[in-house]
Amino acid sequence: MRFQVIVAAVFWSGFVESRKVRGISSSYKRFYKERKSFLCIDGSKIIPFEQVNDDYCDCEDGSDEPGTSACPRGRFYCTNLGFRPHYIPSSRVNDGICDCCDASDEYNSPAHCQNTCWNLGQKERAYVEGQMRTLDEGLRLKQQLIEEGVLLWREKQAQLRELQQVAEDLQIKLEEHRRRKHEAERLKEQTLKALEAGDSGLRHQNRTETSIFQLLDSNKDGSITVDEVKTKVVLVHDEERLLSEDEALGLLGGGHQIDLTKFRRTLWDVLTRGDSVKIKDTPGSDDPHLEAADKAAEWEATNLKKVEEAYETVNMEISDLRKKLAIDYGTDWEFLFLNSQCYKLKVYETWGMWAGTPKNQYSQMVYENGEPCWQGGSRTTTVTLTCGTETALRSVKEPSKCQYIMDFQTPVACQPVLKQRGIHSEL
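Now for a quick tour of the structure. The shown structure was predicted, so the numbers you read here are calculated from the model rather than taken from an experiment.

### Topic: the packing of aromatic side chains
Stage number 1. Scanning the entire structure with this criterion turns up 7 aromatic pairs.
Stage number 2. For the pair Y28 and F31, a centre-to-centre distance of 5.7 Å together with 40° between the ring planes defines the contact as tilted.
Stage number 3. An aromatic cluster of three or more residues is present, and its members are Y32, F38 and F49.
Stage number 4. The ring centre of Y107 lies 3.7 Å from the NZ or CZ of R22, which sits over that ring.
Stage number 5. R125 extends its terminal NZ or CZ atom over the ring of W118, reaching a point 4.7 Å from the ring centre.

### Observations concerning the state of the cysteines
Linking two cysteines covalently through their sulfur atoms gives a disulfide.
Stage number 1. Counted by the stated rule, this structure contains 6 disulfides.
Stage number 2. Each sulfur of the disulfide joining C40 and C59 lies 1.9 Å from the other. Measuring handedness by torsion sign, the sulfur bridge of C40 and C59 sits at about -75° and is left-handed. Note that C40 is positioned in the loop between β1 (37-39) and β2 (46-48) and C59 in the loop between β2 and β3 (75-78), a separation of 19 residues in sequence.
Stage number 3. Of the residues examined, C59 reaches a relative accessible area of 2% and is grouped as buried.
Stage number 4. Bridging C98 to C113, the disulfide has an S-S length of 1.8 Å. Here C98 and C113 share a disulfide; its torsion about the S-S bond, -90°, makes the bridge left-handed. Note that C98 is positioned in the loop between β4 (86-89) and α2 (117-197) and C113 in the loop between β4 and α2, a separation of 15 residues in sequence.
Stage number 5. Using a relative accessible area of 19% as the deciding quantity, one classes C113 as buried.

### Examining the pattern of salt bridges
Stage number 1. Scanning the entire structure with this criterion turns up 13 salt bridges.
Stage number 2. The shortest N-O distance in the salt bridge between R180 and E300 comes to 3.4 Å. Of the two residues, R180 sits in helix α2 while E300 sits in helix α9 (residues 288-325), which places them 120 residues apart along the sequence.
Stage number 3. Look at E300 and you get buried, because its relative accessible area is 5%.
Stage number 4. A salt bridge links E245 to K230, with the shortest nitrogen-to-oxygen separation between them at 3.6 Å. Of this pair, E245 sits in helix α6 (residues 245-251) while K230 sits in helix α5 (residues 226-232), placing them 15 residues apart in sequence.
Stage number 5. The partly exposed category is assigned to E245, whose relative accessible area is 36%.
Stage number 6. Linked through salt bridges whose partners overlap, the residues forming this network are D238, R241 and E247.

### Thoughts on the side chain of S25
Stage number 1. Positionally, S25 belongs in the loop between α1 (2-21) and β1.
Stage number 2. Setting aside chain neighbours within four positions, we find S25 in contact with Y77 and Y87.

Rules of the game
Residues numbered from 1 in each chain as written. Predicted model: local features only at pLDDT ≥ 70, side-chain atom pairs only at ≥ 80, totals over all residues. Heavy atoms only, no water. Phe/Tyr/Trp six-rings, centres within 6.5 Å; stacked < 30°, edge-to-face > 60°. Lys NZ or Arg CZ within 6 Å of the ring centre and 35° of its normal. Disulfide = S-S within 2.5 Å. Helix = DSSP H or I, 4+ residues; strand = E, 2+ residues; numbered from the N terminus. Buried < 20%, exposed > 50% of the residue type's maximum accessible area, 1.4 Å probe, protein only. Salt bridge = Lys/Arg side-chain N within 4 Å of Asp/Glu carboxyl O. Contact = heavy atoms within 4.5 Å.

These results come straight from atomic positions and should not be treated as a statement about function.
If you want it as structure tokens, here you go:
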């Protein structure tokens, strides 16, 4: 008889222990130490300890029935050794459906649940390991893109400085060409007035080195040859006779051709003296001095236009480059490589802003002011950036009318903080 009592006591102790432990996480076991009474975890009631897990709900918070389905607000803890532990509503305990992978929720039901935690854990570990490999590779590629971005940023800055220097040089040239054009037009006007007044004495006064050089340079190659001198220069006292080869060579300083610099020291001096040779007057043609002044004015106008066009082009390039450099490409310019890249998705929205969380501002991009939507406002797109080893557009959705959501994978979205924190799992 004594032996039977001892067995019964041991059995009863094991029964209490099983009721005490089932459905409880390790962090809550301290509330379920076997004693004479049990205090509901919310402090609302004290009950005898034998009423814990007796399949009757005594505590309002359901804490006295962690291992049964008696309490509507109760929770059952799945230990799931080898996989992720989690809670399920206590109403699912012994309902014939396997909710815990370790089958602990169906301890008293006809369901034949298998413990699948180890297999699930293997899959989970393989997935996590794959994610960590992706993160490692993504961070490595991101570092490369950051280095490329820094170099590209410096190149853009250097390019901007070079363009600004070119613009300054062109500005100086522009002012000089404007002055020369103004001077050429003034001389042309003076020549016209002199011709209208019949004052031939102003002919020599209104001649300029450049205008006479251009008049004699028939083929406009920037030099005056012997043949060009023989064609357009005659003797003052014998206009009908053509200059000989030697005479033309003499006027050119002994060379067969001269540029503007040498012209000033040779033929120009002879022409300005006016005592031996002069520019030939062509019958029926315009006055040669007026023709020269007109060509000089046209020449300077053409040169001015070329400089103005070059100046405008450089300033446009400077403006475009400044706009590109003003864009926020991330703290380390890691998103600079995406500039001017196309990923085969036609959108018409314009860049709005970075719209990520305070901890990761660059996790989302917003594009606004797209094409008007029928019976609605403008189209908008939100692009969520996720970590990956390739840069590619993964998905596009339209959760509401003309509001688009895109998933864009790229190494620059990989964050070292994820690597440091890791993925917590009780495996």
